[in-house]
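Each chain, letter by letter, is given below.
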Amino acid sequence: MLLKNYADNDAKRPDIAVFNKEGSVIIIEFKAPDVSLDDHIGDLMEYAQLLTAKSKGKIKKVYGYLLGTTVNRNRIMQYTRFPSGKGWFNTVPITEHETGTRLGELYSEILFYDDIVDRANMRLEVYKKRLNINFGS
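The structure reproduced in this document is the subject of the present report. A quick note: this is a predicted structure, and the numbers were derived from the prediction, not measured.

## Focus: the environment of G104
Considering the arrangement of structural elements, one finds G104 in strand β6 (residues 102-112). Residue classification places G104 among the buried positions, given a relative accessible area of 8%. Along the primary structure G104 and G57 are separated by 47 residues, whereas in three dimensions their C-alpha atoms are 8.5 Å apart.

Set out below in structure tokens:
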């Protein structure tokens, strides 16, 4: 069944996939501004199942990030809102559906582009203060 699943979905790929030697992968899926994130939550699990199955047991942990600007909050199920109120996260097992075999685990986040930019800017400010760097006049 794993090989059939892989063959049926061979053309589907996340926008970014980063692999490491410790048996995990980071997948990032970007959506256009007019595309609702809630319509693509299942994409993260689909990619996770395909990658873990194809890895033949080498990948056990998948970190998935779904990024965009639009979401129907009523359709966000089984996700926990971050304490900041900016985005959601979830951890679920990755299983092979025919046998029920556990392939690994998916930790995923649903995030907005603006929040990612805000977080990056806050980090830069902290680094500038710690390094005593002033780029202004």
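## Some details on the packing of aromatic side chains
For the structure shown, the criterion picks out five aromatic pairs. Ring geometry for F82 against F89: centres 5.1 Å apart, planes inclined by 35°, an arrangement best described as tilted. Take F89: its relative accessible area is 25%, and that puts it in the partly exposed class. One aromatic cluster in this structure is built from Y63, F82, F89 and Y107. Across the ring face of F82, the terminal group of R119 is positioned such that the distance to the ring centre comes to 6.0 Å.

## What to know about the pattern of salt bridges
Enumeration according to the criterion identifies seven salt bridges in this entry. Notably, a salt bridge pairs D39 with R75, separated by 2.6 Å at the nearest N-O pair. Here the residue D39 occupies a position in the loop between β2 (24-30) and α2 (41-54), and R75 occupies one in the loop between β3 (61-68) and β4 (80-81), the gap between them amounting to 36 residues. For D39, a relative accessible area of 46% puts it in the partly exposed group. Overall, R75 belongs to the partly exposed group, its relative accessible area being 45%. The salt bridge partner of K61 is E105, with a shortest N-O separation of 2.4 Å. Placement of the pair is K61 in strand β3 and E105 in strand β6, with a sequence separation of 44 residues. Through salt bridges with shared partners, a single ionic network connects E29, K31 and D43.

## Concerning the side chain of N90
Looking at the element boundaries, N90 is found in strand β5 (residues 88-95). Taking relative accessible area as the criterion, N90 reaches 13% and is therefore assigned buried. One polar contact links the side chain of N90 to the main-chain carbonyl oxygen of Q78, over a distance of 3.0 Å. Leave out the neighbours within four places in its chain, and N90 touches Q78, Y79, L106, Y107 and S108.

What counts, and where the lines are drawn
- Residues numbered from 1 in each chain as written.
- Predicted model: local features only at pLDDT ≥ 70, side-chain atom pairs only at ≥ 80, totals over all residues.
- Heavy atoms only, no water.
- Helix = DSSP H or I, 4+ residues; strand = E, 2+ residues; numbered from the N terminus.
- Buried < 20%, exposed > 50% of the residue type's maximum accessible area, 1.4 Å probe, protein only.
- Phe/Tyr/Trp six-rings, centres within 6.5 Å; stacked < 30°, edge-to-face > 60°.
- Lys NZ or Arg CZ within 6 Å of the ring centre and 35° of its normal.
- Salt bridge = Lys/Arg side-chain N within 4 Å of Asp/Glu carboxyl O.
- Polar contact = N/O pair within 3.5 Å; in protein donor to acceptor, adjacent residues only side chain to side chain.
- Contact = heavy atoms within 4.5 Å.

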